[in-house]
Amino acid sequence: MQVLEDKLLIWKLKQGNSDALGRIYHKYKNELLALALALSHDKSSVEDVVHDVFVAFAQAASKLQLRTSLKNYLMTSVANRVRSIGRTKAQAEIPLDTVEIAQPDSNQPDRLAISLEEFQMVTSALAQLPYPQREVIVMHLHSGLKFREIADCQGATINTIQSRYRNGLNKLRFLLNGQVKK
């Protein structure tokens, strides 16, 4: 159903319907913002990244030919934009004091405290990974992209992507040293 709706929205967008772009934006905005934040850990640039992606998307709409789902296309575009910004800043690792922590949802104070502490540990450890490993882990676990889709996005082989994922998880295990429950 979602694929059909997306195809209809893209068709309308190609016909010049600006409401279609707005509907696509509102449909995927939160997921794209969350992905940009998870990859960049820079809350101040997250909205700019997503807006840049949508400006480019709108400009290319007339000649757009998707080979994947609209969601995956937009997720890949956000990851590429974050990667591009990272290269510009020559940012190999992120200083831990700039990491933004996602707030867990819970209505029980004891669980909230434990969840928040675990989120802080995982987020800090994730920020210490090299960007290529962090990107694969976030795109696979957070955005639900398959390794093949990530490989296509990064222009790498599936073996390289699986290796980055495996090595990243191993580094996370080492950094967390059993401090967070599975």
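(A) Expanded view of helix α8 (residues 158-176). The end-to-end C-alpha distance of α8 is 27 Å, a good match for the 27 Å that 19 residues give at a rise of 1.5 Å each. Taken residue by residue, α8 has I161, Y165, G168, L169, L172 and L176 as its buried positions. Projected down its long axis, α8 shows its buried positions confined to an angular sector of 100 degrees, all on one face. Every exposed residue of α8 that faces more than 90 degrees away from the buried side is listed here: N159, R173 and F174. Backbone geometry just after α8 places N177 at a positive phi near 45 degrees.

(B) Region of the structure containing the packing of helix α6 (residues 131-142) against helix α7 (residues 147-154). Packing of α6 against α7 leaves a shortest axis separation of 10 Å and a crossing angle of 135 degrees. With respect to each other, α6 and α7 are oriented oblique. For the pair α6 and α7, the crossing hand works out as right-handed. Across the interface between the two elements, P132, E135, V136, M139 and H140 from α6 touch F147, I150, C153 and Q154 from α7.

(C) Representation of α6 within the structure. Over its twelve residues, α6 runs 15 Å from end to end, which matches the ideal 16 Å to within 8%, given 1.5 Å per residue. Looking at α6, one finds that the buried residues are Y131, Q133, R134, E135, V136, I137, V138 and M139. Directly after α6, the chain includes G144, whose backbone phi takes a positive value near 75 degrees.

(D) Highlighting the packing of helix α2 (residues 18-40) against helix α3 (residues 43-60). Between α2 and α3, the least distance of the axes is 9 Å, while the angle of their chain directions is 140 degrees. If you check the angle between α2 and α3, you find them oblique. When you trace α2 past α3, the crossing you get is right-handed. Contacts between α2 and α3 pair L21, I24, Y25, L32, L33, A36, L37 and S40 from the former with K43, S45, V46, E47, V49, V50, H51, F54, F57 and A58 from the latter. Taken together, the residues of the contact of α2 with α3 sort by class into 13 nonpolar, three polar and two charged.

(E) Local environment of the environment of Q65. Position of Q65 among the secondary structure elements: in the loop between α3 and α4 (70-88). Separated by 55 residues in the primary sequence, Q65 and I10 have C-alpha atoms spaced 9.7 Å apart.

(F) Local environment of the pattern of salt bridges. For the structure on display, the rule yields seven salt bridges. Residue K27 pairs with E5 through a salt bridge whose shortest N-O separation is 3.2 Å. One end of the pair, K27, is in helix α2; the other, E5, is in helix α1 (residues 2-14), and 22 residues separate them in sequence. Judged by its relative accessible area of 26%, K27 falls in the partly exposed class. Since its relative accessible area comes to 33%, E5 is described here as partly exposed. Each of E5, D6, R23 and K27 takes part in one network of salt bridges that share partners.

(G) Spotlight on the packing of aromatic side chains. Across all of its chains, the model carries four aromatic pairs by this definition. Measuring from ring centre to ring centre gives 5.0 Å for Y25 and F54, while their planes differ by 80 degrees; the resulting arrangement is edge-to-face. With Y25 in helix α2 and F54 in helix α3, this pair connects stretches of sequence that are 29 residues apart. For the pair formed by Y25 and F54, the shared burial category is buried. Relative to F57, the ring of F54 has its centre 6.1 Å away and its plane inclined at 80 degrees; by these criteria the two rings are edge-to-face. You can see F54 and its partner F57 sitting in helix α3, three residues apart, about one turn around the helix.

Conventions and cut-offs
Residues numbered from 1 in each chain as written. Predicted model: local features only at pLDDT ≥ 70, side-chain atom pairs only at ≥ 80, totals over all residues. Heavy atoms only, no water. Helix = DSSP H or I, 4+ residues; strand = E, 2+ residues; numbered from the N terminus. Expected span 1.5 Å × (residues − 1). Buried < 20%, exposed > 50% of the residue type's maximum accessible area, 1.4 Å probe, protein only. Arc of directions from axis to C-beta. Axes fitted to C-alpha atoms, helices over the stretch in contact; angles between N-to-C directions. Parallel < 35°, antiparallel > 145°, perpendicular 65-115°, else oblique. Left-handed = near helix turned anticlockwise from the far one by under 90°. Contact = heavy atoms within 4.5 Å. Nonpolar A, V, L, I, M, F, W, Y, C, P; charged D, E, K, R; others polar. Salt bridge = Lys/Arg side-chain N within 4 Å of Asp/Glu carboxyl O. Phe/Tyr/Trp six-rings, centres within 6.5 Å; stacked < 30°, edge-to-face > 60°.

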